[in-house]
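# Breakdown of the fold
Residues per chain are reported as follows:
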Amino acid sequence: MRAMRARGFTGYRDLELVNLPKPEVSDGKVLVRMTAAGVTPLDHTILSGQYPKAKAPLVLGNEGAGVVENGGGTEFPAGSRVMFTGLYGVAEDGTYSEWLAVRKQNLCLIPEGVDDISAAGVPVAYLTAQMALVLAGFQAGKTVLAPAIGGSVGNAATQLARALGAKHAMSSTTNHKKAEQAKTLGFNEVIDLSSETLSGGVRRITDGYGSDIVIDAIGGEILSEALSTLAPGGSLTTLGYAAGRKATIDLTDLIWKRAAMKSFSLFAQPPAAWEKAWNTVVPLLQSGAIKPIVAKTFPLAEASDALRHLIEDRPFGRVVLTI
């Protein structure tokens, strides 16, 4: 089979198209013929040598969609369309390949009406967003801020908060064109950071109240300012660092507001949390209450270009490999 494998972790040039043996099904795994693979910032982190647990050579890709070929039993019979994520492309070969042996507990049936390309970008973003919202104590009527409307988690958290009854489901962008694009897609509470500050935008939208919950996948200066938007008793969950691993915070944003700051890692969550998140996300996908946004697709052999586009061009929506 064809696969895009990193021979080392020094940058885009290390990704190469190779021929590998088709995986065999054993130990409770299901053979999936891949149709699409989501391209994520984690793939770039690994390829850049910034994830010490990953070892080269390695086929990248930690989420995707495909068709069950065998090994799925009655729960996932042959021909079933499935989506999944896990430690693929991290601790073992991943989804940038034509076939993959996937643990059954990682699989989820793709709802009718959702195509494989869209489904390939669902698992990481929407499961992360949903579990983070639950751990932050989300309830209908809360105000939620998830910066970076064009990013995967920022967009997913905004969509989920809105679909689940948030009083305000806010996001942001540093790009005026993205702010306009967000409006055309129905996101009406996006703060254009080219014309106002994040804290100023939150005050405007909430009439001075603030954010009960912040889900931040950006880090850097955005995290610092997002803390200042918290309402009394609010919380900020940090789970990414696209804008930088280091941030300077004002402790009074926590102390004076009796607020909290916590972290989140998807693959550290227990199985029950995964099941609960899927049970929330799938019906919303099926009803159209949430809808993945795909910015651009690339063929498997152009995985390096796909990663470069995701990281350097910062598109509005997901980047997906078609296989």
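Residues numbered from 1 in each chain as written. Predicted model: local features only at pLDDT ≥ 70, side-chain atom pairs only at ≥ 80, totals over all residues. Heavy atoms only, no water.

All chains considered together, the criterion is met by 11 salt bridges. Taking the shortest distance from any N to any O, the salt bridge between K183 and E180 comes out at 3.8 Å. Linking K183 with E180, this pair stays in helix α5 (residues 176–184), spanning three residues, or about one helical turn. The salt bridge partner of D305 is R308, with a shortest N-O separation of 3.3 Å. In this pair, D305 and R308 are both assigned in helix α10 (residues 303–313), three residues apart and thus about one turn of the helix distant. Residue D305 is classed as partly exposed on the basis of its relative accessible area, which comes to 38%. (Salt bridge = Lys/Arg side-chain N within 4 Å of Asp/Glu carboxyl O. Helix = DSSP H or I, 4+ residues; strand = E, 2+ residues; numbered from the N terminus. Buried < 20%, exposed > 50% of the residue type's maximum accessible area, 1.4 Å probe, protein only.)

Glancing now at the packing of aromatic side chains. Considering all chains together, one arrives at two aromatic pairs under this definition. Here F84 and Y88 contribute two aromatic rings whose centre-to-centre distance is 5.6 Å and whose plane-to-plane angle is 85 degrees, an arrangement assigned as edge-to-face. Between F267 and W274, the ring centres sit 6.1 Å apart and the planes meet at 25 degrees, which makes this aromatic pair stacked. The class of F267 is partly exposed, set by a relative accessible area of 31%. Note on W274: relative accessible area 13%, which makes it buried. The ring centre of W99 lies 4.3 Å from the NZ or CZ of K22, which sits over that ring. (Phe/Tyr/Trp six-rings, centres within 6.5 Å; stacked < 30°, edge-to-face > 60°. Lys NZ or Arg CZ within 6 Å of the ring centre and 35° of its normal.)

As summarised here, the arrangement of the three strands in space is β2-β1-β4, forming an open sheet in which the pairing is antiparallel. Looking at which strands have only one partner, the edges of the open sheet turn out to be β2 (15–19) and β4 (58–59). Where strand β1 (residues 2–6) lies against β4, two bridges are found, and the strand directions are antiparallel. Each bridged residue has a counterpart across the sheet, and for A6 the counterpart in β4 is L58. (Pairing = 2+ DSSP bridges.)

Taken together, the side chains of L251, I255 and W256 define a hydrophobic patch exposed on the protein surface, amounting to about 410 Å² of accessible area. When its relative accessible area of 58% is taken as the criterion, I255 is described as exposed. (Patch = residues over 30% accessible without salt bridge, like charges linked within 9 Å, V, L, I, M, F, W, Y side chains within 5 Å. Areas by Shrake-Rupley, 256 points an atom, 1.4 Å probe, with all protein chains shown as cover.)

Within this structure, the stated rule accounts for one cavity of 30 Å³ or more. What the largest cavity holds in volume is close to 70 Å³. In terms of lining, the largest cavity is formed by G121, Y126, G150, G151, S152, N155, A156, Q159, P292, I293, G317 and R318. The element best represented in the lining of the largest cavity is helix α4 (residues 152–163), accounting for four residues. (1 Å grid on protein atoms, 1.4 Å probe; cavity = no way out; pocket = protein on both sides within 12 Å on 5 of 7 lines; lining within 4 Å. Points joined across faces, edges and corners; volume = space filled by probe spheres on them.)

A few words on unusual backbone geometry. Between A56 and the following residue, P57, the backbone shows a cis peptide bond with an omega angle of 0 degrees. Its location among the elements puts P57 in the loop between α1 (41–47) and β4. A positive phi angle, close to 50 degrees, is found at R258, a residue other than glycine. Within the element layout of this structure, R258 appears in the loop between α8 (252–255) and β14 (260–263).

Our next topic: the side chain of S304. Mapped onto the secondary structure, S304 falls in helix α10. Among residues more than four places away in sequence, those in contact with S304 are Y12 and L15. (Contact = heavy atoms within 4.5 Å.)

Attention shifts here to the packing of helix α3 (residues 123–135) against α4. The relative placement of two packed helices is expressed as an angle between their axes plus a distance between the axes. Relative orientation of the contacting elements α3 and α4 amounts to 55 degrees, with a least axis distance of 8 Å. Put simply, α3 runs oblique to α4. The way α3 lies across α4 gives a crossing that is right-handed. Contacts between α3 and α4 pair A125, Y126, T128, A129, Q130 and L133 from the former with S152, V153, N155, A156, A157, Q159, L160 and A161 from the latter. (Axes fitted to C-alpha atoms, helices over the stretch in contact; angles between N-to-C directions. Parallel < 35°, antiparallel > 145°, perpendicular 65-115°, else oblique. Left-handed = near helix turned anticlockwise from the far one by under 90°.)

So, about the environment of V281. Relative to the assigned elements, V281 resides in helix α9 (residues 271–287). Sequence separation between V281 and Q130 is 151 residues; the distance between their C-alpha atoms is 7.6 Å. Not counting chain neighbours up to four residues away, the residues in contact with V281 comprise V122, Y126, Q130, L160 and I290.

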